[in-house]
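This is what each chain is made of:
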Amino acid sequence: MVSERRTGEAERAEAKVGAAEMESGGTMSGPLVGMMITSSRPLDHHDLYQNQTNNNNSKRKCGSDVGHVVLRLLCMLTSLAALSFMVTASQSNSVSIYGYQFPIYSKWSFSHSFEFLVGISAAVAAHSLLQLLINASRLLRNSPVIPSRNHAWLIFAGDQVFAYAMISAGSAASGVTNLNRTGIRHTALPNFCKYLHSFCDHVAISIAFTFFSCILLATSAVQDVIWLSKN
């Protein structure tokens, strides 16, 4: 009887001491602490690897989105450069044929090939500007630049069409420019670029930017294919 009473008093004393330690902010000991420790599962290696993988994937997606925006910006700038150099290509001079002086005047609008290049360059610049605004707004909202597969297929088709159109325009303009530089065989027609060097230089720079825009459009199409293969 006496031992049971002492045991009860000892348990009540330990309970008071534990309550006092909890109120004073001290550490707890005993079965309660053991239950709390076993109930909280620490992060294992699998959880840490999963978190690191998710972080790496988010960084890669962000880098890919930034790459899309940079490509659109470069493509818009190069197509605008091609357009600007072509529409400013004009010059007048005089040429000697069989000892006679003839005034000559050349302008980009005199050639259908140059007009075709101007039209395609303007269309590519508008397309790139529209995609740049859309992609930049989504990037600022932390949204994916390519939201769905249908959107990716649409952009891929547009990039392909404009890339082939730029190749066609650059090739046609190159043929006319080469004819201006070499002249026509077995005739008295001279090398017109010798007298219209400023005009020919503007055309050559415009054609160079045209092919550079084509390369950028092809690169954008490759990015679209990579996104489609992963999603």
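None of the values given here were measured: they were computed from a predicted structure.

Novice: I keep staring at the pairing of strand β2 (residues 100-107) and nothing clicks. Help me out?
Specialist: As paired elements, strand β1 (residues 90-97) and β2 share eight bridges and run antiparallel to each other. The residue bridging V95 from the neighbouring strand is F102, located in β2. Where β1 folds back onto β2 in an antiparallel hairpin, the turn is made up of two residues, including Y98, whose phi is positive at roughly 55 degrees.

Novice: I tried to follow helix α4 (residues 112-140) on my own but got confused; where do I start?
Specialist: An α-helical turn contains 3.6 residues, so a residue and the one three or four places further along point in the same direction. Taking 1.5 Å as the rise per residue, α4 with 29 residues should run 42 Å; its terminal C-alpha atoms sit 42 Å apart, in good agreement. Backbone nitrogen of S113 and a side-chain oxygen of the N-cap are separated by 3.3 Å at the start of α4; the cap is S111. Following α4 by one or two positions, N142 has its phi on the positive side, about 60 degrees.

Novice: I'm lost on the packing of α4 against helix α7 (residues 197-230) in this one. Help?
Specialist: Geometrically, a packed helix pair is captured by the angle between its two axes and the distance between the axes. Packing of α4 against α7 brings their axes to within 11 Å, and their N-to-C directions diverge by 40 degrees. The angle between α4 and α7 falls in the class oblique. For α4 against α7, the interelement crossing comes out left-handed. Residues F114, L117, S121 and V124 of α4 lie in contact with α7, whose contacting residues are F199, V203, S206, I207, T210 and L217. When grouped by side-chain class, the residues that make up the contact of α4 with α7 number seven nonpolar, three polar and no charged.

Novice: Any chance you could explain the packing of aromatic side chains here in plain terms?
Specialist: Each aromatic ring pair is specified by the distance between its two centres and by the angle formed by the two planes. In this structure the tally under the stated criterion is four aromatic pairs. Measuring from ring centre to ring centre gives 5.7 Å for Y105 and F110, while their planes differ by 70 degrees; the resulting arrangement is edge-to-face. Given a relative accessible area of 47%, Y105 falls into the partly exposed group. Note on F110: relative accessible area 53%, which makes it exposed.

Rules used throughout
- Residues numbered from 1 in each chain as written.
- Predicted model: local features only at pLDDT ≥ 70, side-chain atom pairs only at ≥ 80, totals over all residues.
- Heavy atoms only, no water.
- Pairing = 2+ DSSP bridges.
- Helix = DSSP H or I, 4+ residues; strand = E, 2+ residues; numbered from the N terminus.
- Expected span 1.5 Å × (residues − 1).
- Polar contact = N/O pair within 3.5 Å; in protein donor to acceptor, adjacent residues only side chain to side chain.
- Axes fitted to C-alpha atoms, helices over the stretch in contact; angles between N-to-C directions.
- Parallel < 35°, antiparallel > 145°, perpendicular 65-115°, else oblique.
- Left-handed = near helix turned anticlockwise from the far one by under 90°.
- Contact = heavy atoms within 4.5 Å.
- Nonpolar A, V, L, I, M, F, W, Y, C, P; charged D, E, K, R; others polar.
- Phe/Tyr/Trp six-rings, centres within 6.5 Å; stacked < 30°, edge-to-face > 60°.
- Buried < 20%, exposed > 50% of the residue type's maximum accessible area, 1.4 Å probe, protein only.

All we've got here are geometric facts, nothing functional implied.
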